[in-house]
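Architecture and fold: a report
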Amino acid sequence: MVFLFRDKSIANLFFLVVLSIAVHLHLFINAPLVVTNDADGVFSILLRNYVVGLPTTVLFLLYHIIVLTQAIRLNIVLNDLRMFQHNTYTTAMAYVLLTGLFTQWCSITPALLANFLLIWLFIKLCRLYNHPSPKTLLFNTGLIVGLSVLCYHPTAILVLVVLFALAVVRPFKLAEWLTLLMGALLPYYFLGAILFLKDQFGSFSQYLPYLKLNLPLQEMGIPLMVSLSLLFLFLVTGLYYWQASSNRMVIQVRKNWGVMAVMLFILLPIPFLFHKAGLESGLMLLVPLGAFAGNGFSYPRSLILPNILFWLTAGLIAYNNWWMVYYR
């Protein structure tokens, strides 16, 4: 199956649609859940007001459209940045496959919507390298981070991502860092002004992220352990082939992968850091993990390892589909 996505053709878009439907066959029986928590930010409020209660067919289509749009957009970005030796659709394939690893990732959640902002942020960060006048770009990057935190509070960890990524792609200049921070604070400045004018400034704290160490799941069953093992296998395989090919990359591409690595390792602990974020918040890992998993599917000359990864994941996804049909 992997060979179908190792070239760049319009047919790959059709195969991606088929793959997404196959990964989430359970959605034909049970419509995707819409998970909201008003303490998470604006995305939850929008989902509660405008998405909860929609017909099951609309929810089915909406989930697939979101996942496929993000997968294709991420794939196009990586190809445009020449982060792979050849243009393929393996990153989009990996992204779609990864959405089926955990049952909590098969729902419409604020974290899933936040991935649009995460991809946008990655594009901005990659443009910083050797940019002749980066202050506007830095301000806009900070603005995206600030809006992300307002929309989904666990994205507050993106502040660290941006600061570390800026250190990777550009030499330290205090003025640039201050410009970035000003952009990140601007949405909260306007929010505070609006709340003050409405005499509701006391509710300002509701729009701030709440950090609290917690365990996203209380029980570790065998299916969950298998899912985590596969996630780790994707990570190790992707990192190995990234390191093996990094010597042949030009400096800019190497720095772009450095930004993606920073994003990956800082986002890893996100389900443990934010109050009631749950395993759903781990959906933000799909962006960097999908990119690195694309290495494991596209670089090996032999298709043995990529096919093993694919069919192991397919087996787990089949079990998850069965469980969500009969026990959800």
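Rules and cut-offs
- Residues numbered from 1 in each chain as written.
- Predicted model: local features only at pLDDT ≥ 70, side-chain atom pairs only at ≥ 80, totals over all residues.
- Heavy atoms only, no water.
- Helix = DSSP H or I, 4+ residues; strand = E, 2+ residues; numbered from the N terminus.
- Rg over C-alpha atoms; globule rule 2.2 N^0.38 Å.
- Contact = heavy atoms within 4.5 Å.
- Areas by Shrake-Rupley, 256 points an atom, 1.4 Å probe, with all protein chains shown as cover.
- pLDDT = per-residue confidence, 0-100.
- Phe/Tyr/Trp six-rings, centres within 6.5 Å; stacked < 30°, edge-to-face > 60°.
- Buried < 20%, exposed > 50% of the residue type's maximum accessible area, 1.4 Å probe, protein only.
- Axes fitted to C-alpha atoms, helices over the stretch in contact; angles between N-to-C directions.
- Parallel < 35°, antiparallel > 145°, perpendicular 65-115°, else oblique.
- Left-handed = near helix turned anticlockwise from the far one by under 90°.
- Nonpolar A, V, L, I, M, F, W, Y, C, P; charged D, E, K, R; others polar.
- Patch = residues over 30% accessible without salt bridge, like charges linked within 9 Å, V, L, I, M, F, W, Y side chains within 5 Å.
- Salt bridge = Lys/Arg side-chain N within 4 Å of Asp/Glu carboxyl O.
- Expected span 1.5 Å × (residues − 1).
- Core = buried A, V, L, I, M, F, W, Y, C linked by side-chain atoms within 4.5 Å.

This part takes up the overall build of the protein chain. Tallying secondary structure elements over the protein chain gives 13 helices and zero strands in all. Its C-alpha radius of gyration of 20 Å places the protein chain within 12% of the 20 Å reference for a compact globule of 328 residues. When contacts within the protein chain are restricted to residue pairs at least 6 apart in sequence, long-range pairs at least 24 apart make up 80% of them. When the accessible surface of the protein chain is split by element, carbon and sulfur atoms take 69% of a total near 15,400 Å².

For the protein chain, per-residue confidence averages 85 on the pLDDT scale, and residues scoring 70 or more make up 97% of the total. Element-level mean pLDDT values for the protein chain span from 82 in helix α11 (residues 270–273) up to 93 in helix α3 (residues 56–80).

All told, the structure shown has 13 aromatic pairs when counted by the stated rule. Ring geometry for F84 and Y299: centres 6.2 Å apart, planes at 40°, overall tilted. In this pair, F84 sits in the loop between α3 and α4 (90–98) while Y299 sits in the loop between α12 (286–298) and α13 (304–326), placing the two residues 215 residues apart along the sequence. Just as F84 is buried, Y299 falls in that class too.

The subject of this paragraph is the packing of helix α9 (residues 222–246) against helix α10 (residues 251–267). In the contact formed by α9 and α10, the axes pass within 12 Å of each other and the chain directions differ by 160°. Here α10 runs roughly antiparallel to α9, going by the angle between their axes. Crossing angle aside, the handedness with which α9 passes α10 is left-handed. Residues L235, L239, W242 and S246 of α9 form the contact with α10, whose participating residues are R254, W257, A261, L264 and F265. Looking at side-chain class alone, the contact of α9 with α10 contains seven nonpolar, one polar and one charged residues.

Before going further, it helps to examine the packing of helix α1 (residues 11–23) against α4. Helices that pack against each other are described as a pair by the angle of their axes relative to one another and the distance between those axes. It is at 9 Å that the axes of α1 and α4 come closest, and there the two elements cross at 15°. Between α1 and α4, the crossing angle belongs to the class labelled roughly parallel. In this structure, α1 crosses over α4, and the sense of that crossing is right-handed. On α4, the residues that touch L16, L19, S20 and V23 of α1 are A92, M93, V96 and L97. Within the contact of α1 with α4, the residues separate by chemical class into seven nonpolar, one polar and no charged.

Moving on, we come to a nonpolar patch on the surface. Judged by side-chain polarity, L233, I304, L305, I308 and L312 come together as a nonpolar surface patch covering roughly 420 Å² of accessible area. At four residues, α13 tops the list of elements feeding residues into the nonpolar patch. Mapped onto the secondary structure, L305 falls in helix α13.

Tracing the chain through its elements places H153 in the loop between α6 (134–151) and α7 (158–169). Residue H153 is classed as buried on the basis of its relative accessible area, which comes to 3%. Contact partners of H153, with chain neighbours within four places excluded, come to A39, D40, G41, Q206, Y207, L208, P209 and F274.

Before going further, it helps to spend a moment on α12. Since the α-helix turns once every 3.6 residues, residues separated by three or four places project in the same direction. For α12, built from 13 residues, the straight-helix expectation of 18 Å at 1.5 Å per residue is met to within 8% by its first-to-last C-alpha distance of 17 Å. Taking burial as the measure, the 13 residues of α12 include 13 buried ones, the bulk of the element.

Let us now look at the side chain of N12. With respect to the helices and strands, the residue N12 is situated in helix α1. In this structure N12 touches L4, F5, D7 and Y89, once residues within four positions along its chain are discounted.

Counting 111 residues, the largest nonpolar core has F122, W257, M260, L267 and F297 as the members making the most contacts within it. The element best represented in this core is helix α5 (residues 110–126), accounting for twelve residues.

To continue, consider the environment of M93. Position of M93 among the secondary structure elements: in helix α4. The residues touching M93, leaving out its near neighbours within four places in the chain, are V2, F5, L16, L19, F297 and F310.

What follows covers unusual backbone geometry. Positive phi values are uncommon outside glycine, yet R82 reaches one of about 55°. Among the secondary structure elements, R82 is positioned in the loop between α3 and α4. The exposed category is assigned to R82, whose relative accessible area is 67%.

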